[in-house]
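# Inside the fold
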Amino acid sequence: MSNRPDLPAEIARRRTFAIISHPDAGKTTLTEKFLLYGGAIQMAGQVRAKGEARRTRSDFMQMEKDRGISVSASAMSFDFEKYRFNLVDTPGHSDFSEDTYRTLTAVDAAVMVIDGAKGVESQTQKLFEVCRLRDLPILTFCNKMDRESRDTFEIIDEIQENLAIDVTPASWPIGVGREFIGCYDILRDKLELMDRADRNKIATSISIKGLDDPKLAEHVPEPLLSKFLEEIEMAKELLPPLDPQALLDGTMTPIWFGSAMNSFGVKELMDGIGTYGPEPQVQSATPRNVAPEETKVTGFVFKVQANMDPKHRDRVAFVRLASGHFERGMKLTHVRTKKVMAITNPVLFLAADRELAEEAWAGDIIGIPNHGQLRIGDTLTEGEAIRVSGIPSFAPELLQTCRAGDPMKAKHLEKALMQFAEEGAAKVFKPSFGSGFIVGVVGPLQFEVLASRIELEYGLPVRFESSQFTSARWVKGEKAAVDKFITANKQHIATDNDGDTVYLTRLQWDIDRVQRDYPDVTLTATKEMMV
Ligand SMILES: Nc1nc2c(ncn2[C@@H]2O[C@H](COP(=O)(O)OP(=O)(O)OP(=O)(O)O)[C@@H](O)[C@H]2O)c(=O)[nH]1
Ligand SMILES: [Mg+2]
C-alpha cells in the first residue's frame, strides 16, 4: 500500500501515530505491548504495578506511577518488521487534553482505543471530532475483550452513528467474556486464539482456507462456532469491506478486537497500521505547505518537557520532522528568532529513555535538548521562513494562587513556574499588585501535577489556594491605548512569562465593560503560540 509513491523508502516506511481514548481504555497497556512486539523491550510492564513489578515505559512520571493514569504524552520510536513506528501515548483525562490535542497536530494517524464493555465514551467522542477536523485516518482497537463486553454489532453501530464514520471489521471476536477464545482475522483469513495463561505471549494463529474450512471446527467449539458463523455472515452482508483509500481519507475506520493486557489482537493491529496506515503526510504551514519528500529539513515543536530525566535537568523539545533527512550536527534556523542552532544532541525517545539520534527522516519525532529557546509552535528549517500553523492553545479556565511553603523560596518558585509555563503545562501570571503567582490551567488535576512536579523536580513544597480572580485575558492594541488601559486598571493587571500584559477578573461583566469602554483594546482568551 502506498499513498505517495514518490516518497524515498526511508520516509515511506514511517508510521507516526497517536494512541487516543477516553481515560482507562488501555492506551498505555497497548503501547507497552507495541514495544514488546517491536522488540524494543523484552518484558512488558503494568500500569498499576505493585512492589518490584515492572511499570509501563510510557507512564514514567512519578504521579503517573502513583495513580495509574497518564498525565502527559510520551513518544516512542521503534522498528516493527519493515516499518519504523513513531508512537505517542496520550493521556485520556480531559484535564490534560491540551497535550493530547497538540500531539494530534504532529501525527499522521490515530489509533482509537475503545473499552469493549463501554463503547464510545464522552472523551472518545471529543477526540474523534478533533481527528475529523484534520481528516486524520483512524484505526480502532476494541480492547478488554477478555471481560464481559457488549455485542459486536452494537459496538460497531455505536461508532458509526455517534462518530459518523464507516466501520469495517478487520477481525471478529469469537465468544464473550470468560468464553472469549479469540478472533477471526478477516483481512488474512486466519484464526487467532488467545492464551489466557501467558499474558506476554504472541497469540497462536491458524491459517484457514475460508470460513467453511473444517479446521475451524477443530478449534472453535459449539455453540460458539455456529454463533460466530452466523454473525460473520451478517457482518459481510451489512458492513462494508475495507477500502484502503477511505481509511486514508479518514472516512472509514477498520476495527480490531482484542485484549491489550493479554497481548491479544495487538500484532494484527500493528500489521494493519503498517499495511494500511498513512505514510508521512504534507504538513500545513505558512506561507506554503511542506511535503515530506523535500530534501531540506523542516520540523516543528509540539511539546516541551523539562526535567524528563532528573539526572540531566534539561528541557527537551519534541520535534516532528515534516520534511527531509536530518543528520546530527545540522545547523537549523529557528524561524521565530531567526537564529541558527546547531543540533548536536538530538535524541530518539523510548518514553523516558533516549538515545542519541545520528539521523532521522520526515515523519520522525526527535527530542532536542535546549535551555528554553525552543517553544511549542516553533519551526526549524534550513533557512526558509516557514511557520507551521494550527497548534492549539487552550484558554486557562481555572486560576489559583501558588505559594511556596517557605516564603524565602519565592524566587525559586518563580523559576520553577516559568519553566512549566514555557513547557506549556500551565499559564503563569505575576500580578502587578500583591505577592504570589497566579497559575491558570484547563483542568483541576493539572494543579496536582504541578504541585507534585515542583516538589519532586525543584525540592519545593507549594500550596495552591483559590484566587480572587477567575478569568484571564491577554490584552492587545496600540501601545498608547494599552498603557492608558493598564493605568486605569492596575489591580487587574498581570504579566505572563513572556512579559505580555494580562487582564485578570472574576466577572464577565468586567470583560464586557472593558470592551465597551476601551474600543481600541482587545481582550483574547488565548495567546497565539507563535510571535
Ligand atoms: N481486563 C483487562 N484489563 C485491561 C486490559 N487492558 C488494560 N487493562 C487495564 O485497564 C486499566 C487502564 O489501563 P491503561 O493502559 O492505564 O489505560 P489508559 O488508556 O492508558 O489510561 P489513561 O492514560 O489514564 O487515560 C489498567 O488497570 C489495565 O491493567 C485488557 O485487555 N483487559
Ligand atoms: Mg495511559
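Source: prediction; values computed, not measured.

### Some points on the overall build of the chain
In terms of helices and strands, the chain carries 14 helices and 31 strands. A compact globule built from 531 residues should have a C-alpha radius of gyration of about 24 Å, and the chain, at 25 Å, falls within 12% of that. Oriented by its inertia axes, the alpha-carbon framework of the chain measures out at about 85 × 50 × 50 Å. Burial statistics for the chain: of 531 residues in total, 58% are counted as buried.

### Some remarks on the packing of helix H11 (residues 410-423) against helix H12 (residues 445-458)
As a packed pair, H11 and H12 sit with axes 11 Å apart at the nearest point and diverge in direction by 120 degrees. Taken together, H11 and H12 sit at an angle that is classed as oblique. Our pair here, H11 against H12, has a crossing hand that is right-handed. Contacts between H11 and H12 involve Leu 413, Ala 416, Leu 417, Gln 419, Phe 420 and Glu 423 on the former and, on the latter, Leu 450, Arg 453, Ile 454, Glu 457 and Tyr 458. Here the contact of H11 with H12 is composed, by residue class, of 7 nonpolar, 1 polar and 3 charged.

### A word on a negative patch on the surface
Side chains of Asp 135, Asp 166, Asp 243 and Asp 249 sit close together on the surface and give a patch of like negative charge. Its place among the elements puts Asp 243 in the loop between helix H8 (224-238) and helix H9 (244-249). The class of Asp 243 is partly exposed, set by a relative accessible area of 35%.

### Some remarks on the side chain of Asp 115
Note on placement: Asp 115 falls in strand E4 (residues 109-115). Judged by relative accessible area, Asp 115 falls into the buried class, the value being 3%. Among the polar contacts made by the side chain of Asp 115, one reaches the main-chain amide nitrogen of Ala 117 at a distance of 2.9 Å. When near neighbours in sequence (up to four residues on either side) are disregarded, Asp 115 contacts Ala 25, Glu 121, Asn 143, Lys 144 and Arg 147.

### Details of the side chain of Thr 298
Tracing the backbone through its elements, the reader meets Thr 298 in strand E13 (residues 298-306). When its relative accessible area of 3% is taken as the criterion, Thr 298 is described as buried. Ignoring any residue separated from it by four or fewer positions in sequence, one finds Thr 298 in contact with Val 290, Arg 320, Leu 321, Ala 322, Ser 323, Thr 379, Leu 380 and Thr 381.

### A word on the site of ligand 1
In the vicinity of ligand 1 there are 20 residues, among which Lys 27, Thr 29, Ser 70, Asp 146 and Ser 259 approach most closely. Measuring from an oxygen atom of ligand 1, one finds a backbone N or O atom of Gly 26 at 3.0 Å. Take Lys 144: an N or O atom from its side chain is 3.1 Å from an oxygen atom of ligand 1. The leading source of residues in the shell around ligand 1 is helix H2 (residues 27-37), at 3 residues.

### A word on the sheet that holds strand E27 (residues 462-466)
The antiparallel open sheet is built from 8 strands, whose spatial order is E27-E24-E26-E25-E29-E30-E28-E31. Edge positions in the open sheet fall to E27 and strand E31 (521-524), since each of these has one partner strand only. With direction set aside, neighbouring strand axes in the sheet form an average angle of 40 degrees. Across 5 bridges, the pairing between strand E24 (residues 398-404) and strand E26 (residues 437-441) is antiparallel. If you follow Leu 398 over to E26, its bridge partner there is Val 441. Helix H13 (residues 479-488) rests against strand E28 (471-477), strand E29 (493-495), strand E30 (501-505) and E31 of the sheet, and its axis sits at about 145 degrees to E28.

### Considerations on the sheet that holds strand E8 (residues 182-185)
The strand order across the open sheet built from 4 strands is E7-E8-E9-E10, with neighbouring strands paired in antiparallel fashion. Unpaired on one side and paired on the other, strand E7 (171-174) and strand E10 (204-207) mark the two borders of the sheet. The sheet shows a mean angle of 25 degrees between the axes of neighbouring strands, direction not considered. One ladder, built from 4 bridges, connects E7 with E8; its direction is antiparallel. Residue pairing for E8: Ser 171 is matched across the bridge by Asp 185. Where H8 meets the sheet, its contacts fall on E7 and E8, and the angle it forms with E7 comes to roughly 155 degrees.

### A closer look at the environment of Val 130
Positionally, Val 130 belongs in helix H5 (residues 122-133). Its relative accessible area of 17% is what places Val 130 among the buried residues. Residues Val 130 and Thr 105, 25 residues apart in the sequence, show an inter-C-alpha distance of 9.7 Å. Not counting chain neighbours up to four residues away, the residues in contact with Val 130 comprise Tyr 101 and Leu 104.

### Quick look at the coordination of the magnesium ion (ligand 2)
Octahedral six-donor coordination of a metal ideally yields angles of 90 or 180 degrees, compared with 109.5 degrees for tetrahedral four-donor coordination. Within the protein, the magnesium ion (ligand 2) binds to Thr 28 (OG1) and Ser 70 (OG); these donor distances fall in the range 2.0 Å. Here Thr 28, found in helix H2, pairs with Ser 70, found in the loop between helix H3 (62-67) and strand E2 (74-80); they are 42 residues apart in sequence, far enough to count as distant. Accessibility classification places Thr 28 together with Ser 70 in one group, the buried group.

### Some thoughts on unusual backbone geometry
The omega torsion of the bond from Glu 222 to Pro 223 falls at 0 degrees, within 30 degrees of zero and hence cis. Turning to its location among the elements, Pro 223 is positioned in the loop between helix H7 (215-219) and H8. The omega torsion of the bond from Thr 286 to Pro 287 falls at 0 degrees, within 30 degrees of zero and hence cis. In this structure, Pro 287 sits in the loop between strand E12 (285-286) and E13. Of note in the backbone geometry, Lys 144 takes a positive phi value of approximately 65 degrees without being a glycine. Relative to the helices and strands, Lys 144 resides in the loop between strand E5 (138-143) and helix H6 (152-163).

### Looking at the environment of Asp 146
Following the sequence through the fold, Asp 146 ends up in the loop between E5 and H6. C-alpha separation for the pair Asp 146 and Ile 181, spaced 35 residues apart in sequence, amounts to 8.4 Å. Only 3.3 Å separates the side chain of Asp 146 from the side chain of Ser 259, close enough to count as a polar contact.

### Section: the packing of helix H4 (residues 97-104) against H5
Running from amino to carboxyl end, H4 crosses H5 at an angle of 30 degrees, the nearest separation of the two axes being 10 Å. You can see that H4 and H5 cross each other, and the crossing is right-handed. Within the contact between the two elements, H4 uses Ser 97, Thr 100, Tyr 101 and Leu 104 and H5 uses Gln 123, Lys 126, Leu 127, Val 130 and Cys 131. Per-class residue counts for the contact of H4 with H5 are 5 nonpolar, 3 polar and 1 charged.

### Observations concerning the confidence of the model for the chain
Mean pLDDT over the chain works out to 90, with 96% of the residues at or above the 70 mark. Mean pLDDT values for the elements of the chain range from 78 in E10 up to 98 in strand E11 (residues 252-257).

About the criteria used
- Residues numbered from 1 in each chain as written.
- Chains lettered and ligands numbered in written order.
- Predicted model: local features only at pLDDT ≥ 70, side-chain atom pairs only at ≥ 80, totals over all residues.
- Heavy atoms only, no water.
- Helix = DSSP H or I, 4+ residues; strand = E, 2+ residues; numbered from the N terminus.
- Rg over C-alpha atoms; globule rule 2.2 N^0.38 Å.
- Buried < 20%, exposed > 50% of the residue type's maximum accessible area, 1.4 Å probe, protein only.
- Axes fitted to C-alpha atoms, helices over the stretch in contact; angles between N-to-C directions.
- Parallel < 35°, antiparallel > 145°, perpendicular 65-115°, else oblique.
- Left-handed = near helix turned anticlockwise from the far one by under 90°.
- Contact = heavy atoms within 4.5 Å.
- Nonpolar A, V, L, I, M, F, W, Y, C, P; charged D, E, K, R; others polar.
- Patch = residues over 30% accessible without salt bridge, like charges linked within 9 Å, V, L, I, M, F, W, Y side chains within 5 Å.
- Areas by Shrake-Rupley, 256 points an atom, 1.4 Å probe, with all protein chains shown as cover.
- Salt bridge = Lys/Arg side-chain N within 4 Å of Asp/Glu carboxyl O.
- Lys, Arg positive; Asp, Glu negative; His and termini not counted.
- Charge placed at Lys NZ, Arg CZ, Asp CG, Glu CD.
- Polar contact = N/O pair within 3.5 Å; in protein donor to acceptor, adjacent residues only side chain to side chain.
- Near = heavy atom within 4 Å.
- Pairing = 2+ DSSP bridges.
- Donors = N, O, S within 2.8 Å, 3.2 Å for Na, K, Ca; no water.
- pLDDT = per-residue confidence, 0-100.

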